[in-house]
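Chain residues, written in single-letter form:
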Amino acid sequence: MKVSIILPIRNEAAHIEQSLLAILSQDYPADQIEILIVDGMSTDDTRSIIKGIAARHPNRQIQVLDNHGKIVPTGMNIALRQAKGEIVIRVDGHCVIAPDYARNCVEHILSDKADGVGGSIETIGGTKIAKAIAIGMSSPFGVGNSAFRTTVNKNQFVDTAPFPAYTRQIIERAGFYDEELIRNQDDEYSYRIRELGGKILLAANVRSVYFSRTSLRSLWRQYYQYGFWKVRVLQKHPRQMSLRQFVPPAFALALSASVLLALIPVARPLAVIIPLLYLFANLLASFYTAAKRGWKYAPTLPLVFAILHLSYGFGFLVGFLKFWNRWRDKIGKTPAWQTETTGDVARLKREYADRKLRFADKDIYTWFNQANLFAIHQRQRFVLKALQSKGFTDLSRLKILEMGCGDGGVLTEFLNFGAPPRNLYGIDLLADRLSHACAQLQTSHLANADGQNIPFAAQSFDLVLQYTALSSILDSQIRKGVAEEMLRVLKNNGAVLWYDFWLNPTNRQTRGIKPAEIRGLFPNCDFEFRKITLAPPLARRIVPISWGAALFLERIKILNSHYLVLISPRQSDVF
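What comes next concerns the included structure. As the structure is a computational prediction, the values presented were derived from the model and not from experiment.

Along its length, the protein chain carries 22 helices and 16 strands. Each principal axis of the C-alpha atoms in the protein chain carries an extent, and together these give about 85 × 75 × 50 Å. Put simply, of all contacts in the protein chain between residues at least 6 apart along the chain, 79% involve residues at least 24 apart. Surface accessibility of the protein chain: about 26,100 Å² in total, with carbon and sulfur atoms responsible for 57%. Taking the 70 positively charged and 49 negatively charged side chains of the protein chain as two groups, their mean positions are separated by 6 Å.

Here is the structure:
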């Protein structure tokens, strides 16, 4: 199995030789390893060191690529476009991986059915200050319960892992790295993988050594950036955050409040409570750590711990202010994965073939199933209300397009609402599903096409329908492209009618879309949200017993699984 090892680096003259030689010393078959070094236009001796090592190993596959973006995510994306391996391992120029790193990663991916594998890291330093920083970064008091810094000799599935090995398949599903994120790009990428149902393993026998920062100033800058960019990760993926990551900003905020209280004479006794409590906890942790690791580090450890906490905390607060208006931006600067459409077609074909097998001889999605009939009737009722609110009561005059029309079931409903066949259009990725739709609708206006490239002119349609098609697209950038195309083909006074899951935890082939993401996909639009459809697993149990009880539960909305949204572009913003 071919492995691509990627090193996104910049100005790593101090460590690149150790890092690269460790990769060249892997006990994995040398002819199955390609090394892609993506240099962020280094201004030190990094390039010349790499050139000398490559000259001494002429038979190894070493390629140096230019990264004019100079940051890790742009470097990773450049390399991912070139990588040929079935397994891709990201290694830092500041680290040295164990000789069996690649082999153990591959073995775990194959045997443990993991999509990503990483391991614990040993942080070390060359000077007294660097060693104190390394000790602080390996302490639970310094970094909380960060598993890869504090856990050893234990295999466990985790949220993220350092220097991970990923399968090519999961990378193609997750897409490229977000090129906005100077820091925290690995956390964000790991979350995207887990959101797709992927599993990331922290393996006990996957080991690496990491060289810590050499000065307190550089440590402050590093963790300030971690806190600052963590805000964008929070905005993109609110559920990615753990409680420990909110502690530093909460402490920084409390400390700032203490300073303000100190300006008020009567409140000064209260102002010292937070600083004194932290000082006590810091000194206690420092003495405890020094007793285990060496008393010579005792004078420096309190400073290291304070920098880890305060730099991250204040960085987070500054980021919160900086990005205050970015809560609807779920994309950032993530380039579209060029082969994702093909990958999604293959995935959707597999999924629908699997559905045919799973639901063969079952009536779960037919009108004879009471729960399905209940869902259809309720959805149609709200659809008609939405159309009426827009003034679309005479469908004979409207030109209608459905995204992901499948076998034509939804468009058939619009036939029953009064839309003539000549005005009904549809596109779908899967050609075999369109043949049934053509016969059913008696129309030739159905196209086998990608939603990112709708084969119709701009401002062609009064109404564009999207019924559970976008939740089947797992890549956020592709969702954005489809939404842009939907707006492009919409007439000035038209509307998008959206019906989709906000939550579907039982199906890993879908990813629910919540109101915040819908608003982000359709900027400068007006929205009418209706939370409808009693969650199907619940409806299947309740509807056969009592239709009235199901109606009651749906009306209280808390157990509803879909949003029906009428989306109207503001007139000045229509393409």
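Anyway, onward from the coordinates.
Our next topic: the pairing of strand β6 (residues 116–124). Within β6, seven of the nine residues are buried, leaving the element largely enclosed by the surrounding structure. Strand direction decides the pairing type here: β6 and strand β8 (residues 165–167), joined by two bridges, are antiparallel. The partner of Val 117 across the bridge, within β8, is Ala 165. As paired elements, β6 and strand β9 (residues 200–211) share eight bridges and run parallel to each other.

This part covers helix α13 (residues 273–293). Note: α-helices contain 3.6 residues per turn, so residues at a spacing of three or four share the same orientation. Along its 21 residues, α13 runs 30 Å from first to last C-alpha, staying within 8% of the 30 Å computed at 1.5 Å per residue. Every buried residue of α13 is listed here: Tyr 278, Asn 282, Ala 285, Ser 286, Thr 289 and Ala 290. Looking straight down α13, one finds its buried side chains confined to an arc of 130 degrees; they lie on one side. Opposite its buried face, α13 presents the exposed residues Leu 276, Leu 277, Phe 280, Leu 284 and Tyr 288, each directed more than 90 degrees away. Taken together, the buried residues of α13 touch α5 (128–137), α6 (140–143), α11 (247–262) and α14 (301–322). Directly beyond the C-terminal end of α13, a positive phi value near 135 degrees is found at Gly 294.

A separate point is the sheet that holds strand β11 (residues 424–428). Read from one edge of the open sheet, seven strands run β12-β11-β10-β13-β14-β16-β15, paired in mixed fashion. In this open sheet, the two edge strands, each paired with only one partner strand, are β12 (446–448) and β15 (525–534). Each strand axis lies, on average, 15 degrees off the axis of its neighbour in the sheet, ignoring direction. Taken together, the three bridges between β11 and β12 define a ladder with parallel strand orientation. Bridge pairing in β12 places Ile 427 opposite Ala 447. Across the sheet, helix α16 (residues 370–390) is in contact with β13 (461–467), β14 (490–501), β15 and β16 (560–569); its angle to β15 comes to roughly 160 degrees. Sheet contacts for helix α19 (residues 476–488): β10 (400–403), β13, β14, β15 and β16; angle to β14, the most-contacted strand, approximately 145 degrees.

The next point concerns the packing of aromatic side chains. For any pair of aromatic rings, the description consists of the separation of the ring centres together with the inter-plane angle of the planes. Evaluated as defined, the whole model comprises 22 aromatic pairs. Aromatic pair Phe 374 and Trp 547: ring centres 5.2 Å apart, planes at 80 degrees, arrangement edge-to-face. Here Trp 547 lies in helix α22 (residues 547–556) and Phe 374 lies in helix α16, a separation of 173 residues in the sequence. Taken together, the ring pairs connect Tyr 224, Phe 228, Trp 229 and Phe 323 into an aromatic cluster. Across from the ring centre of Phe 382, 4.6 Å away, lies the NZ or CZ of Arg 381, which sits over that ring.

Reading the values: the criteria
- Residues numbered from 1 in each chain as written.
- Predicted model: local features only at pLDDT ≥ 70, side-chain atom pairs only at ≥ 80, totals over all residues.
- Heavy atoms only, no water.
- Helix = DSSP H or I, 4+ residues; strand = E, 2+ residues; numbered from the N terminus.
- Contact = heavy atoms within 4.5 Å.
- Areas by Shrake-Rupley, 256 points an atom, 1.4 Å probe, with all protein chains shown as cover.
- Lys, Arg positive; Asp, Glu negative; His and termini not counted.
- Charge placed at Lys NZ, Arg CZ, Asp CG, Glu CD.
- Buried < 20%, exposed > 50% of the residue type's maximum accessible area, 1.4 Å probe, protein only.
- Pairing = 2+ DSSP bridges.
- Expected span 1.5 Å × (residues − 1).
- Arc of directions from axis to C-beta.
- Axes fitted to C-alpha atoms, helices over the stretch in contact; angles between N-to-C directions.
- Phe/Tyr/Trp six-rings, centres within 6.5 Å; stacked < 30°, edge-to-face > 60°.
- Lys NZ or Arg CZ within 6 Å of the ring centre and 35° of its normal.

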